[in-house]
Amino acid sequence: MRRGLALLCLLLLAAPAAAQEREVPYWASLRAGEVNMRVGPSENFPIDWVYRRQGLPVKVLRVNQGWRLVEDPGGAQGWIVARLLTPDRGAIVVGKGLAEMREAADSGARVLWRAEPGVVGALGDCDDGWCKFAVGSRKGWIRAKRLWGAGEP
């Protein structure tokens, strides 16, 4: 019984450590409504940016203990503590003008919604140049080229 409990504890402790050892680069999203980006991988470094967009996608470029060097949609780079990032895929609408969210992954499908550049949402599967995209209860398909956070990092 004791050996089984010890093994279970070891597995539970090893899982978060294994999740931290992903191959970079990879996509992540901000877990909290307020996240500090620092100029170095420690709370001793000054804050460069304060993000107030939960779900904002970032590209993780490097791993340093409990910190991640990330790039935001605007190209700014800095360090965020790993616990404030989630592996849940998100995306932000980019480009000029409204991006159409359609009923299906087809340019002839009915337009359900129109999203402005800067809208952040949950990213679903992408296929053949289209991605499932959800902003709250509004869901549809949007062209992958209009989303930062879609495709390979």
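Remember, it's a predicted structure, so these values are computed and weren't measured experimentally.

Undergrad: Go over the nonpolar core, please, and point to the residues and values.
TA: Leu30, Tyr51, Val70, Ile80 and Leu85 are the most contacted members of the largest nonpolar core, which totals 17 residues. Secondary structure elements with two or more residues in this core: strand E1 (26-30), strand E2 (35-38) and strand E4 (57-64). The element best represented in this core is E1, accounting for four residues. Not counting the four nearest positions on each side in its chain, Tyr51 is found in contact with Leu30, Gly33, Glu34, Val35, Met37, Leu56, Asp72 and Ala76. Membership of the second largest hydrophobic core comes to eleven residues, among which are Ala91, Val93, Phe133 and Ala150.

Undergrad: Before we move on, could you go through the environment of Ala28 and cite the residues and values that matter?
TA: Mapped onto the elements, Ala28 comes out in strand E1. By relative accessible area, Ala28 is classed as buried at 4%. Discounting residues that sit within four places of it in the chain, Ala28 has contacts with Leu56, Pro57, Val58, Val60, Leu85, Thr86 and Asp88.

Undergrad: Now, about the pairing of strand E12 (residues 130-135): what can you tell me, with residues and values included?
TA: Every other side chain in a regular strand lies on the same face of the sheet, so the side chains alternate between the two faces. The pairing of strand E11 (residues 120-127) with E12 spans four bridges and is antiparallel. In the sheet register, Cys126 faces E12, and the bridge partner there is Cys131. Once E11 ends, the chain turns through two residues before running back antiparallel as E12, passing Asp128 with a positive phi of about 55°. Across six bridges, the pairing between E12 and strand E13 (residues 138-143) is antiparallel. Within the sheet, the bridge partner assigned to Cys131 lies in E13 and is Ile142.

Each value, and the rule that gives it
Residues numbered from 1 in each chain as written. Predicted model: local features only at pLDDT ≥ 70, side-chain atom pairs only at ≥ 80, totals over all residues. Heavy atoms only, no water. Core = buried A, V, L, I, M, F, W, Y, C linked by side-chain atoms within 4.5 Å. Buried < 20%, exposed > 50% of the residue type's maximum accessible area, 1.4 Å probe, protein only. Helix = DSSP H or I, 4+ residues; strand = E, 2+ residues; numbered from the N terminus. Contact = heavy atoms within 4.5 Å. Pairing = 2+ DSSP bridges.

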